[in-house]
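Analysis of the macromolecular model
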Amino acid sequence: MIDGRSNLLASELGDIFARLGWHRAGFTAMATESATAVAVQYRSPKFGAVRVVSCDALGVARWLKTHAVKPGGKAKFEELLDRKESVAAAPVQQLLNLTEPVARRAMLPS
């Protein structure tokens, strides 16, 4: 189950990525089950694939505040994320799977 505080922190981190222009490079933040952690998805130049890593949201925001605007900040951030172990994927809100079939069909975009 996704934690509400993590959802708020992921939204804030997503806004930071958008302000930096990194969202165009594939940086996104997703909520996790932990109240203080978020999952950061990015395209790793080292591994050549999209990776998802779990990070402390406040620590990432603090690091970005001081280092992101410096030259090479994005490359340094990718290097830090490459050191972390990749997680399978961000957790999915489980309550949506418990809804009635009619309600699930109504939530489909088509």
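In short, a report on the structure. Bear in mind the structure is a predicted one, so any value in this text is a computation, not a measurement.

Conventions and cut-offs
Residues numbered from 1 in each chain as written. Predicted model: local features only at pLDDT ≥ 70, side-chain atom pairs only at ≥ 80, totals over all residues. Heavy atoms only, no water. Axes fitted to C-alpha atoms, helices over the stretch in contact; angles between N-to-C directions. Helix = DSSP H or I, 4+ residues; strand = E, 2+ residues; numbered from the N terminus. Parallel < 35°, antiparallel > 145°, perpendicular 65-115°, else oblique. Left-handed = near helix turned anticlockwise from the far one by under 90°. Contact = heavy atoms within 4.5 Å. Nonpolar A, V, L, I, M, F, W, Y, C, P; charged D, E, K, R; others polar. Buried < 20%, exposed > 50% of the residue type's maximum accessible area, 1.4 Å probe, protein only. Pairing = 2+ DSSP bridges.

A few points about the packing of helix 1 (residues 4-20) against helix 2 (residues 57-67)
- Interaxial distance between helix 1 and helix 2 falls to 10 Å at its minimum, and their mutual angle equals 20 degrees. One way to sum up the angle between helix 1 and helix 2 is to call them roughly parallel. Like other packed secondary-structure pairs, helix 1 and helix 2 cross with a definite hand, here left-handed. For the pair formed by helix 1 and helix 2, the contact residues are L9, L13, I16, F17 and L20 on the first element and A57, L58, V60, A61 and L64 on the second.
- Here the residues of the contact of helix 1 with helix 2 are counted per class, giving 10 nonpolar, no polar and no charged.

Description of the pairing of strand 2 (residues 37-44)
- Of all eight residues making up strand 2, six are buried, and the element is well covered by its neighbours.
- Here strand 1 (residues 28-31) hands over to strand 2 after five residues, the two strands then running antiparallel side by side.
- With eight bridges connecting them, strand 2 and strand 3 (residues 49-56) associate as antiparallel partners. Each bridged residue has a counterpart across the sheet, and for V40 the counterpart in strand 3 is V53.
- In this structure, the hairpin formed by strand 2 and strand 3 is closed by a connection of four residues, where G48 is found at a positive phi of approximately 70 degrees.

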